[in-house]
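# Breakdown of the fold
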Amino acid sequence: MTPLLEMRGVTAFYGHSQALFGVDLDMAEGEVVALMGRNGMGKTTTIRALTRLIPHRAGAIRFAGQTLDGMPAHRAARLGLGLVPEGRRAFRGLTVTENLIAAARPGAWDLARVHALFPRLAERAGQDAGSLSGGEQQMLVIGRALMTNPRLLILDEATEGLAPLIRGEIWDAIRALKSETGLSILVVDKSLKELARVADRAVILEKGRTAWAGPMADMTQDLADRYLGV
Ligand code: ATP
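Predicted, not measured: the structure shown is a model, and the values here were computed from it.

The rules behind these values
Residues numbered from 1 in each chain as written. Predicted model: local features only at pLDDT ≥ 70, side-chain atom pairs only at ≥ 80, totals over all residues. Heavy atoms only, no water. Helix = DSSP H or I, 4+ residues; strand = E, 2+ residues; numbered from the N terminus. Buried < 20%, exposed > 50% of the residue type's maximum accessible area, 1.4 Å probe, protein only. Lys, Arg positive; Asp, Glu negative; His and termini not counted. Salt bridge = Lys/Arg side-chain N within 4 Å of Asp/Glu carboxyl O. Polar contact = N/O pair within 3.5 Å; in protein donor to acceptor, adjacent residues only side chain to side chain. Contact = heavy atoms within 4.5 Å. Near = heavy atom within 4 Å. Areas by Shrake-Rupley, 256 points an atom, 1.4 Å probe, with all protein chains shown as cover. Nonpolar A, V, L, I, M, F, W, Y, C, P; charged D, E, K, R; others polar. Domains from an automatic or database assignment. Buried area = accessible area lost by both parts, 1.4 Å probe. Arc of directions from axis to C-beta. Phe/Tyr/Trp six-rings, centres within 6.5 Å; stacked < 30°, edge-to-face > 60°. Lys NZ or Arg CZ within 6 Å of the ring centre and 35° of its normal.

Here Arg-52 is to be found in the loop between helix 1 (43-50) and strand 4 (60-63). Buried and without a salt bridge, Arg-52 has Asp-69 as its closest oppositely charged side chain, separated by 5.8 Å. Polar contacts involving the side chain of Arg-52 include one to the main-chain carbonyl oxygen of Met-71, which spans 3.2 Å. The contacts of Arg-52, once residues within four sequence positions are left out, are Ile-61, Leu-68, Gly-70, Met-71, Pro-72, Ala-73 and Ala-76.

Here's what the structure looks like:
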């Protein structure tokens, strides 16, 4: 397996307050990895460090054969990090299609392919993005990330706060991305059940450190009770 991502001993701070104390996270090309842990354990901060939205202080991050240490976010994005941030909304004042086109970079993902994955976005093509439902906006934000033709799609709580029907459609799309395109996906979500269906491996954070990493199939109830408090 070709390594796509290697995060080793990553630490990060918000001002003087340390949030990450040693995160190790490895991904191979084509893997779906669930990044797990209770609230405040550092999942979003790990994603911010990976996508260079905040600097890491110690440790190393390599992606697609290059070090990301010291690299600005826009350059890291160009290497193929496609981020769907927590609570992200689409650009209002632009239509659904304009939102998608604005993100486009050359590659296999184009408007037609995004429409095939999310038919609702084709139905709403000319509509202002601000008029979409929360679930449709989330589909649009995922579609935008795909239009950048990422090597790694990062989904931070992409189903948070959505109605069950829409949540189901988003999980269907994530499973389709895995089975039909083999895209590498790093996913944070509260639903252990859905993660268990799609993820190859899990990485569990506890107080800003990697506490456990292994195949999803090895995630026992014991581990879930201990680290996820479910
Ligand atoms: P959640 O599921 O609640 O989003 P998380 O696992 O993603 O949790 P983080 O958001 O990464 O956790 O938070 C890790 C730690 O960093 C927490 O102690 C949190 O309070 C702190 N933190 C997060 N964002 C900031 C910020 N912008 N400024 C200061 N501290 C922050």
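What follows concerns the pattern of salt bridges. Counted under the stated rule, the structure contains 14 salt bridges. One salt bridge in this structure joins Glu-6 and Arg-8, with 3.8 Å as the shortest N-O distance. A salt bridge links Arg-201 to Glu-31, with the nearest nitrogen and oxygen atoms 2.8 Å apart. With Arg-201 in strand 9 (residues 201-206) and Glu-31 in the loop between strand 2 (17-28) and strand 3 (32-36), this residue pair connects regions lying 170 residues apart in the sequence. For Glu-31, a relative accessible area of 7% corresponds to the buried category. Here the salt bridges share partners, and the residues they tie into one network are Arg-120, Arg-124, Glu-136 and Glu-169.

Our focus in this paragraph is the site of the ligand. For the ligand, the set of nearby residues contains 13 residues, the closest of which are Gly-40, Gly-42, Lys-43, Thr-44 and Thr-45. Here Gly-40 contributes a backbone N or O atom positioned 2.7 Å from an oxygen atom of the ligand. Take Met-41: an N or O atom from its main chain is 3.2 Å from an oxygen atom of the ligand. Relative to its unbound accessible surface of 630 Å², the ligand loses 60% to contact with the protein. When residues of the shell around the ligand are assigned to their parent elements, the largest contribution, four residues, is made by helix 1. Looking at the shell around the ligand residue by residue, the class counts come to three nonpolar, five polar and five charged.

Attention now goes to the domain arrangement of the protein. You can read the domains of the protein as domain 1 (1-80 + 151-169 + 177-230) and domain 2 (87-150). The centre of domain 1, based on its C-alpha atoms, is set 23 Å off from the matching centre of domain 2. Each partner contributes residues to the interface: domain 1 has 16 residues there, and domain 2 has 14 residues. Together domain 1 and domain 2 conceal approximately 1,100 Å² of surface at their shared face, both sides included; 67% is due to carbon and sulfur atoms.

The next subject is helix 9 (residues 221-228). Turning to helix 9, its buried residues are Leu-223, Ala-224, Tyr-227 and Leu-228. Buried residues along helix 9 cover an arc of 100° about the axis, so they all sit on one side. In helix 9, those exposed residues whose orientation departs by more than 90 degrees from the buried face are Gln-221, Asp-222 and Arg-226. Those residues of helix 9 hidden inside the fold are in contact with strand 3, helix 8 (192-198), strand 9 and strand 10 (209-215).

On to the packing of aromatic side chains. This model, assessed by the stated rule, comprises zero aromatic pairs. The ring centre of Phe-13 lies 3.7 Å from the NZ or CZ of Arg-57, which sits over that ring. Lying across the ring of Trp-109, Arg-113 places its NZ or CZ 4.2 Å from the centre.

Residue Ala-64 is not a glycine yet carries a positive backbone phi of 50°. Along the chain, Ala-64 falls in the loop between strand 4 and strand 5 (66-67). Unlike most non-glycine residues, Lys-207 shows phi in positive territory, near 50°. Taking the relative accessible area as the measure of exposure, Lys-207 reaches 59% and is therefore exposed.

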